Amino acid sequence: MNLSHHLTHPVFKAVQQVADRKGVQAFAIGGFVRDLILERPCKDIDIVVEGSGIELAREVAKILKAGRVTVFKNFGTAMFHHHGVEVEFVGARKESYERGSRKPIVEDGTIEDDQNRRDFTINAMAIRLNATSPANAPSYGDLVDPFDGLQDIALKILRTPLDPNVTYSDDPLRMMRAVRFACQLNFKIESDSLQSIERNAKRLEIISRERIHVELNKMIMSEVPSVGFKLLFNTRLLHQFFPEMVALKGVERRNGIGHKDNFFHTIEVLDRISKNTDNLWLRWAAILHDIAKPPTKRFHPDLGWTFHGHEDRGARMVPKIFKRLKLPLDHQMKYVQKLVLLHLRPIALTQEEISDSAVRRLLSEAGDDIDDLMILARADITSKNEAKVERYLLNYDEVVKKLVEVEKKDGVRNFQPPVSGEEIMETFGIPPSRPIGDIKKAIKEAILDGDIPNEQEAARALMLELGAKMGLRPA
Ligand code: ATP
Ligand code: MG
């Protein structure tokens, strides 16, 4: 098979020129080749050369007048950006592993050696970039596919080039990658491979949590992420790094009353939300919204199963989970925490006559994340009963109408009380102290409850009244 017509990026011709002149064999390889054949958009290009990747990168960059070449001397790699694509160069490598070690012994090798150390047959394909092969036949654009990755693409199968037990125990991250690709590409993991993953799942412990979360997040960003979570659960990979999610699985019955399986509920919510958002952290909020159901579960003789306070407890579980997975601990984590904490509030709003004050409170607590909260709340409706789903969604339409109406009238989103602490201090001529906080809080409550309008004049009047009650007089 020849793919030269598909090699549209200018880097390929430049590599050919330099490689032919130097008499070294160069190839495009890996994910780039796979995605070309799958007709997925091209993100980055990997070039392998039987020789120095760094030298090749420098000379190719010169021809293309590409920008700065970044060299990673320790890894023998170099890369630059050209026409919006990241191009990475590396010398062909042979890797051997010693059991129990994560660090392979790396030596220079041939293209075959390099293809042997790849994770899956579909990721081990290469495209020859020299004008002619060592046997002197025209070869630019020829597919070099020793493990029949092309067939596995047609069959939608993930298969390791070597014995899966070797491939997975050499680098256990490949098990996460198997699940990620299965989910992302809608491929099946070949059965020997799947068994090998089940056998080797525990070895994931030698892999850094950063590398794990990179694969996990790519899986979460795929179209139907539940597929990946089911695989992670069934292979017990999930058990190695996310026991809280494992604990969601299962149904307990007492007095003939069961509760829903919260693992399936959670991944259904995740699939539903994924249709409406590409925000990774909103998808994480879906994953974690019910995470505290197991630790808050109680059986009540009259009420049946309850999960009181799971939203609050769940929000408090988020930091530990983010820390363990080395996910970002600043605004992303706070955002997820907030959505977990508030996830029941929209539904609570529909259960009564929607009062302005309840709406104002929710607006002031959710701030700019109110729209995302409503996306989560909508995804959270997973009843089998379509009429019920329909009814809930209509209720949410009412809630949204009300949110818009109240926000327009009162402007309490990102609420700042109309009198500041400084103003209170100045008015009464007092230093920073407890009464100032008390007065501010009371004004905020009064506005949210609708006792006074969200206006300066009314707020100042209340401030004077509250001050007087505390024995304060205007200075
Ligand atoms: P993506 O679409 O996420 O970029 P990718 O397959 O290109 O997927 P990369 O991490 O960019 O993944 O790796 C590029 C190539 O390097 C892969 O296609 C594969 O051939 C090889 N590779 C990456 N990680 C591993 C690994 N852990 N073990 C073996 N080969 C790997
Ligand atoms: Mg890639």
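Rules of the game
Residues numbered from 1 in each chain as written. Chains lettered and ligands numbered in written order. Predicted model: local features only at pLDDT ≥ 70, side-chain atom pairs only at ≥ 80, totals over all residues. Heavy atoms only, no water. Helix = DSSP H or I, 4+ residues; strand = E, 2+ residues; numbered from the N terminus. Rg over C-alpha atoms; globule rule 2.2 N^0.38 Å. Buried < 20%, exposed > 50% of the residue type's maximum accessible area, 1.4 Å probe, protein only. Contact = heavy atoms within 4.5 Å. Lys, Arg positive; Asp, Glu negative; His and termini not counted. Charge placed at Lys NZ, Arg CZ, Asp CG, Glu CD. Core = buried A, V, L, I, M, F, W, Y, C linked by side-chain atoms within 4.5 Å. Salt bridge = Lys/Arg side-chain N within 4 Å of Asp/Glu carboxyl O. Near = heavy atom within 4 Å. Polar contact = N/O pair within 3.5 Å; in protein donor to acceptor, adjacent residues only side chain to side chain. Areas by Shrake-Rupley, 256 points an atom, 1.4 Å probe, with all protein chains shown as cover. Nonpolar A, V, L, I, M, F, W, Y, C, P; charged D, E, K, R; others polar. Domains from an automatic or database assignment. Pairing = 2+ DSSP bridges. Axes fitted to C-alpha atoms, helices over the stretch in contact; angles between N-to-C directions. Parallel < 35°, antiparallel > 145°, perpendicular 65-115°, else oblique. Left-handed = near helix turned anticlockwise from the far one by under 90°.

Regarding its fold elements, the protein chain presents 24 helices and 15 strands. Against the compact-globule benchmark of 23 Å for 475 residues, the protein chain has a radius of gyration of 30 Å, which places it well outside the compact range. When the backbone C-alpha atoms are referred to their principal axes, the protein chain occupies close to 95 × 60 × 40 Å. Among the 475 residues that make up the protein chain, the fraction classed as buried is 50%. Nonlocal contacts in the protein chain, meaning residues at least 24 apart in sequence, comprise 66% of its contacts between residues at least 6 apart. Each charge class in the protein chain was averaged separately, 70 positive and 69 negative side chains, and the resulting centres sit 3 Å apart.

Our next topic: the environment of Pro431. As for its placement among the helices and strands, Pro431 is situated in the loop between α22 (421–428) and α23 (434–449). When sequence neighbours within four positions are dropped, the list of residues in contact with Pro431 reads Met425 and Ile436.

To continue, consider the nonpolar core. Formed by 134 residues in total, the largest nonpolar core has its most connected members in Phe229, Trp284 and Leu288. In terms of residue count, the dominant contributor to this core is helix α7 (residues 173–185) (nine residues). Ignoring anything within four residues of it in the chain, the contact list for Phe229 reads Leu216, Met219, Ile220, Leu238, Met245, Phe263, Ile267, Leu270 and Ile287. Counting residues in each nonpolar core, the second largest holds eight residues, with Ile29, Val48, Ala126 and Val144 among its members.

On to the pattern of salt bridges, then. Tallied over the full model, the rule gives 31 salt bridges. Measuring nitrogen to oxygen at the nearest pair gives 3.3 Å for the salt bridge that ties Glu398 to Lys401. Taken together, the residues span about one helical turn, with Glu398 and Lys401 both in helix α21 (residues 386–410) at a distance of three residues. Connected through salt bridges with shared partners, the residues Arg21, Lys22, Glu55 and Glu59 form a single ionic network.

Now for the site of ligand 1. Residues in close proximity to ligand 1 total 15 residues, the closest being Arg34, Lys43, Asn123, Arg174 and Lys218. In this structure, Asp171 approaches ligand 1 through a side-chain N or O atom, which is 2.9 Å from a nitrogen atom. Here Arg180 contributes a side-chain N or O atom positioned 3.0 Å from an oxygen atom of ligand 1. In the complex, the protein chains occlude 82% of the 590 Å² of accessible area that ligand 1 would expose alone. Those elements that provide at least two residues to the shell around ligand 1 are α2 (31–38) and α7. A per-element tally of the shell around ligand 1 places α7 first, with four residues. A breakdown of the residues in the shell around ligand 1 according to their chemical character gives one nonpolar, three polar and eleven charged. Each of two domains, domain 1 (4–155) and domain 2 (161–241), supplies a minimum of three residues to the shell around ligand 1.

The next point concerns the side chain of Ser222. Tracing the backbone through its elements, the reader meets Ser222 in the loop between α9 (209–220) and α10 (226–235). Overall, Ser222 belongs to the buried group, its relative accessible area being 5%. Other than its neighbours up to four places away in sequence, Ser222 contacts Cys183, Gln184 and Arg283.

By domain assignment, the protein chain separates into domain 1 (4–155), domain 2 (161–241) and domain 3 (421–469). Taken over C-alpha atoms, the centre of domain 2 sits 57 Å from the centre of domain 3.

Quick look at the sheet that holds strand β8 (residues 126–128) now. One open sheet holds the seven strands; their spatial order is β3-β4-β5-β2-β1-β8-β9, and the pairing between them is mixed. Edge positions in the sheet fall to β3 (70–72) and β9 (143–144), since each of these pairs with one other strand and no more. As judged from the six bridges shared by strand β2 (residues 44–49) and strand β5 (residues 85–91), these two strands associate in the parallel manner. For Ile45, the partnering residue across the bridge sits in β5 and is Val87. In the packing of α2 onto the sheet, the strands contacted are β1 (26–29), β2, β8 and β9, and the crossing angle to β1 comes to about 60°. Its contacts with the sheet place helix α3 (residues 53–64) against β1, β2, β3, β4 (77–82) and β5, and it is angled at close to 20° to β4.

We now examine the packing of α22 against α23. Running from amino to carboxyl end, α22 crosses α23 at an angle of 120°, the nearest separation of the two axes being 10 Å. When the interaxial angle is binned, α22 and α23 end up oblique. Of the two possible hands of crossing, α22 and α23 adopt the one that is right-handed. Residue-level inspection shows Gly421, Ile424, Met425 and Phe428 of α22 in contact with α23, the latter providing Ile436, Ile439 and Lys440. Counted by class, the contact of α22 with α23 contains five nonpolar, one polar and one charged residues.

This paragraph deals with the environment of Arg68. With respect to the element layout, Arg68 can be found in the loop between α3 and β3. A relative accessible area of 70% places Arg68 in the exposed class. In the structure, Arg68 is positioned ten residues away from Arg58 in sequence and 9.3 Å away in space, judged by C-alpha atoms. Excluding anything up to four places from it in sequence, Arg68 contacts Met79 and Phe80.

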